[in-house]
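# Understanding the architecture of this molecule
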Amino acid sequence: MIIRILLFPVILLLVLYFVIAQIVPLMKTASATRSLITQQEEELTQAQERLNKVTAFQQEIQSHSTEMDYVSDFVPNDQREEILLSDISQMADESNISLFSVGFSEGRSDVRSGAATDGRPNLIEGKLIMNGTYDNLKIFMHKLFRIKRLYEFKTFELTKNEQKNKSEEENDAEQELVLSGSISFAYGYIPGTGEISPADIGTPVNFDLIDTVMSATSNTNPLVTEKKNRPNPFLP
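About the thresholds
- Residues numbered from 1 in each chain as written.
- Predicted model: local features only at pLDDT ≥ 70, side-chain atom pairs only at ≥ 80, totals over all residues.
- Heavy atoms only, no water.
- Helix = DSSP H or I, 4+ residues; strand = E, 2+ residues; numbered from the N terminus.
- Buried < 20%, exposed > 50% of the residue type's maximum accessible area, 1.4 Å probe, protein only.
- Contact = heavy atoms within 4.5 Å.
- Areas by Shrake-Rupley, 256 points an atom, 1.4 Å probe, with all protein chains shown as cover.
- Phe/Tyr/Trp six-rings, centres within 6.5 Å; stacked < 30°, edge-to-face > 60°.
- Polar contact = N/O pair within 3.5 Å; in protein donor to acceptor, adjacent residues only side chain to side chain.
- Axes fitted to C-alpha atoms, helices over the stretch in contact; angles between N-to-C directions.
- Left-handed = near helix turned anticlockwise from the far one by under 90°.
- Nonpolar A, V, L, I, M, F, W, Y, C, P; charged D, E, K, R; others polar.
- Core = buried A, V, L, I, M, F, W, Y, C linked by side-chain atoms within 4.5 Å.
- Salt bridge = Lys/Arg side-chain N within 4 Å of Asp/Glu carboxyl O.

## Regarding the overall build of the protein
Counting its secondary structure elements, the protein contains six helices and four strands. Going from the N terminus to the C terminus, the protein shows its helices and strands as α-α-α-β-β-α-β-α-β-α. Evaluated residue by residue, the protein yields a buried proportion of 21% over its 236 residues. At a minimum sequence separation of 6, the contacts of the protein that also span at least 24 residues come to 78%. A total accessible area of about 17,000 Å² is found for the protein, and carbon and sulfur atoms account for 57% of it.

## As for the packing of aromatic side chains
Inspection of the entire model under this criterion finds eight aromatic pairs. Plain terms: the ring middles of Y70 and F74 are 5.5 Å apart, the flat faces sit at 20° to each other, and that makes the pair stacked. You can see Y70 and its partner F74 sitting in helix α2 (residues 65-74), four residues apart, about one turn around the helix. Aromatic side chains Y151 and F153 sit 5.0 Å apart centroid to centroid with 55° between the ring planes, which places their arrangement in the tilted category.

## Considering the side chain of Q79
With respect to the helices and strands, Q79 occurs in the loop between α2 and α3 (81-94). Looking at Q79, the relative accessible area reads 18%, which means it is buried. Side chain to side chain, Q79 and E81 meet in a polar contact 2.6 Å long. Within the structure, Q79 has its side chain in polar contact with the side chain of Y189 (distance 3.1 Å). Residues within four places of Q79 in sequence aside, it is in contact with L84, E106, I124, R149 and Y189.

## So, the packing of α2 against helix α6 (residues 207-216)
With their axes 10 Å apart at the nearest point, α2 and α6 run at an angle of 65° to one another. Helix-helix and strand crossings are classified by hand; for α2 and α6 the assignment is left-handed. Residue-level contacts link T66, E67, M68, Y70, V71 and F74 of α2 to F207, I210, D211, V213 and M214 of α6. Here the contact of α2 with α6 is composed, by residue class, of eight nonpolar, one polar and two charged.

## Let's talk about the nonpolar core
Ranked by internal contacts, the top residues of the largest apolar core, which has 20 residues, are I88, L128, M130, F140, L144, I183 and Y187. Counting residues per element, the ones that place at least two in this core are α3, β2 (122-133), α4 (134-145) and β4 (178-189). Contact partners of I88, with chain neighbours within four places excluded, come to L99, L128, F140, L144 and F185.

## Section: the pattern of salt bridges
By the definition in use, this model includes four salt bridges. The partner of K143 in a salt bridge is E94, with the nearest N and O atoms 3.4 Å apart. With K143 in helix α4 and E94 in helix α3, the pair connects residues that are 49 residues apart, well separated along the chain. Residue classification places E94 among the partly exposed residues on the basis of a relative accessible area of 45%. Its salt-bridge partner being K154, residue E125 comes within 2.8 Å of it at the nearest N-O pair. On the criterion of sequence distance, the pair formed by E125 in strand β2 and K154 in strand β3 (residues 151-160) is long-range, its members being 29 residues apart. Exposure remark for K154: the relative accessible area of 36% places this residue in the partly exposed category. Ionic contacts of the salt-bridge type, sharing partners, join the residues D73, D78 and R80 into one network.

All we've got here are geometric facts, nothing functional implied.
What follows is the structure in structure tokens.
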């Protein structure tokens, strides 16, 4: 009986030892698992919020497909000289203007270094030489100023042809005065594939500004001379 009484504390200590040795690590593991689950739930919530922003941004873009197509054409990701040449030639034909030359060259002097990687536009420079009547040149310039490309006109020059002798002037008296002109310009483009930074997701897109630019480049009434001014400043 005495032995049993003495063994009881020993057995109890052994049981407590095994319980502590087994249960405590399990409790620590369970606590760590609960912390990990809590952390992953927070990350899941954040990821879901980001996904919701991306989905909302995508839906907003898709609902303004006209504006996005316009931006893609207005600031393309390559130079597209052949399209510019075709557009300019077509506008010249529509305006009854004769083109003598159109040339392009890449111009980096007007953009800061690293423009190809920081999202800033590069410029392709060009120059065209033409001739036509004053009224037709006005129509041509009206079309050029409303071309659907980000552009910068640098110089625009119009000159009369050399003075003819009196007999030639009398023969051409009924003909309209033909002017020679040259235009130097630059068109913008952003090299590479367009990418959106994750930080920009959720930032509102200024579609009102895009609509304003679209309206400015849409077909409008040609420019006209004020009545108080001479219709053609190159005539006597």
